[in-house]
Amino acid sequence: MTGWAMAGIAWCLCANAAEAMPSGEDGKRVAEANAAIHDLEIERASAALNGLVERHPEDADVLDAAAMVEFHRGNYPLALTRIRAANRADTSPVTRSHRADLIQLFENTVLATERLVEFQSDDGRYRVKVSAGRDEVLVPYALEALARADEEVSAVLGYRHPGPIRLEVYDSPAVLAQVSTLSEEEIERTGTIALCKWDRLMITSPRALVRGYPWMDTIGHEFVHLNLARATRDHAPVWLQEGVAKYLEVRWRRVKALRLDPAAEALLHDGITNDKLIPFDRLHPSIARLPSQEDAALAFAQVATFIAHLVETHGEGALRTVVHEVHDGRDARDAIARATDSSWPEAEGAWKKAIAKRPVPTAAAPRHIALRFKRGEGVVDETTDVAEAKARKHMRLGDLLWGHGRAKGASAEYSRAQKAAPDDPIIASRLARATLEAGDGADKAVAALLPLRDRYPQHAPLRALLGAAFLAQGNHVEARHELLEAIWLNPFDPAPHCGLASVAATDLEKTRESADCASLR
């Protein structure tokens, strides 16, 4: 799950008591720069400030604006230097107090990024920063997702970010909290593992989670935020931002239809049936402020289906119209009404009628398996995520046998666990792993996993083992699909890379996957 975080920190520090307040034309240029920063027109702000720091090196207004421009550009040490200089130049205790939060944010960002290693696309348009070492495996995939999202999303929204497009990958939710306005508790409570703010994409490494997460789609999601924030001058409300981002997050895959997983579909059905939908205004200032991961999942399902309904009934041109009108200062609800030739209540009512007509889930809703963040480097006990007590008992026995190298015995215990909890993807994955290791046949592994694939599409072990089972069957097309999906969820498991190397579509892919297979073992 991702989130678009509003600033939460006032960056415009007006009426400070600097020693050399710029006057005349220079003062107008500072005001223009501040307005441009507010509208995320960073290039215009930079042009307005050209030469002013040199002419007014001790003016807090100039230094504040210059610091914010450099922060948006990713020049964090220079931004910190300038905002500290602004604080020294400012004699007002009020503005110095207001500036303290920004100074802390800048300091945290410098500390969080100074050890990251930057990689660029050949043309320099896409820039990815990761921790040196294992996280470098993310880079080629991230660059690919960014390039595809750039092509596809820009066409839909009618806006292309001027670049460079910057992605930063952090080691943990604690670091994400440090460089954002969210607390670590809020991040873990709602599963917010990525943000877009200050003209950059920020994600948590999938290495920080027990089973990874859809990190490639998350890059797609945050890229939409980046483009939409620029295209609307950062005036789009949270519900519009998140709706468009969720609707278009898989467009980098060149998939056009909205895809809700069965758990989200069940939450949406329950919400419309039992009057539990979350009012759009409650999403402000961020979905990350909602009480739980389930509330956040429902919110994403609501706003995504709202945008999907808009596009399905009025075309992508209507979405571009909304974006352009919000850019020009129109309220988002009024922009929706104009694009649909109706009123906001009519547009909202039509969406509610549409989701009420969505197919009723025929099977019991899949369990919501929350994202789990790692605590240390030890082995994680996944039995706590298994709801059925009898299944947990047999799973623990299976894990003990597996740990002692007794794959057949483990397979037998996992089979008993699966009989007690046939819809549990954790147990099914354990059973498939033991079955493949014991040489009991790939067909048995496929039979255990395939019925759960569409119910738990974001369960990385399931996708990885299904890919391995298809590979053992000789079904290379399905194997390649599943192995890629597994990597797009948890790229730190070497097995999918090893398997993909054997069925690679190109020599470049074979070389890359072989190298990842070797380095991750």
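Residues numbered from 1 in each chain as written. Predicted model: local features only at pLDDT ≥ 70, side-chain atom pairs only at ≥ 80, totals over all residues. Heavy atoms only, no water.

## Some thoughts on the packing of helix H18 (residues 407-420) against helix H19 (residues 425-438)
One can describe the packing of H18 onto H19 by two numbers: an axis separation of 8 Å at closest approach and a directional angle of 150°. In this view, H18 runs roughly antiparallel relative to H19, as classed from their interaxial angle. Crossing of H18 against H19: the hand is left-handed. Across the interface between the two elements, Ala 407, Lys 408, Ala 410, Ser 411, Tyr 414, Ser 415, Ala 417 and Gln 418 from H18 touch Ile 427, Ala 428, Arg 430, Leu 431, Arg 433, Ala 434, Thr 435, Glu 437 and Ala 438 from H19. Of the residues belonging to the contact of H18 with H19, the class tally is 9 nonpolar, 4 polar and 4 charged. (Axes fitted to C-alpha atoms, helices over the stretch in contact; angles between N-to-C directions. Helix = DSSP H or I, 4+ residues; strand = E, 2+ residues; numbered from the N terminus. Parallel < 35°, antiparallel > 145°, perpendicular 65-115°, else oblique. Left-handed = near helix turned anticlockwise from the far one by under 90°. Contact = heavy atoms within 4.5 Å. Nonpolar A, V, L, I, M, F, W, Y, C, P; charged D, E, K, R; others polar.)

## Remarks on the state of the cysteines
Scanning the model with the defined rule gives 1 disulfide in all. Through a disulfide, Cys 498 is tied to Cys 517; the S-S separation comes to 2.0 Å. For the disulfide bridge between Cys 498 and Cys 517, the dihedral angle about the S-S bond is near 90°, and by the sign convention the bridge is right-handed. Separated by 19 residues along the polypeptide, Cys 498 in helix H23 (residues 494-502) and Cys 517 in helix H24 (residues 507-520) bring together distant segments of the chain. The exposure classification of Cys 498 matches that of Cys 517, with both residues buried. (Disulfide = S-S within 2.5 Å. Buried < 20%, exposed > 50% of the residue type's maximum accessible area, 1.4 Å probe, protein only.)

## Thoughts on the sheet that holds strand E3 (residues 165-170)
Taken in spatial order, the 5 strands of this open sheet run E1-E2-E3-E5-E4, and their pairing is mixed. Strands with a single pairing partner mark the edges of an open sheet, and in this sheet they are strand E1 (116-120) and strand E4 (194-197). Averaged over neighbouring strand pairs, the angle between their axes works out to 20° when direction is ignored. (Pairing = 2+ DSSP bridges.)

## Some words on the environment of Ser 502
One can find Ser 502 in helix H23. Put simply, Ser 502 and His 476 are 26 residues apart on the chain and 9.1 Å apart in space, counted from C-alpha to C-alpha. Of note is the side chain of Ser 502, whose polar atom sits 2.6 Å from the backbone oxygen of Gly 499. (Polar contact = N/O pair within 3.5 Å; in protein donor to acceptor, adjacent residues only side chain to side chain.)

## Thoughts on unusual backbone geometry
The omega torsion of the bond from Gly 163 to Pro 164 falls at -5°, within 30 degrees of zero and hence cis. Its place among the elements puts Pro 164 in the loop between helix H7 (139-157) and E3. The omega angle of the peptide bond from His 284 to Pro 285 is 5°, so this bond is cis rather than trans. Here Pro 285 shows up in the loop between helix H12 (262-273) and helix H13 (293-314). The phi dihedral of Arg 233 is positive, around 55°, even though this residue is not glycine.

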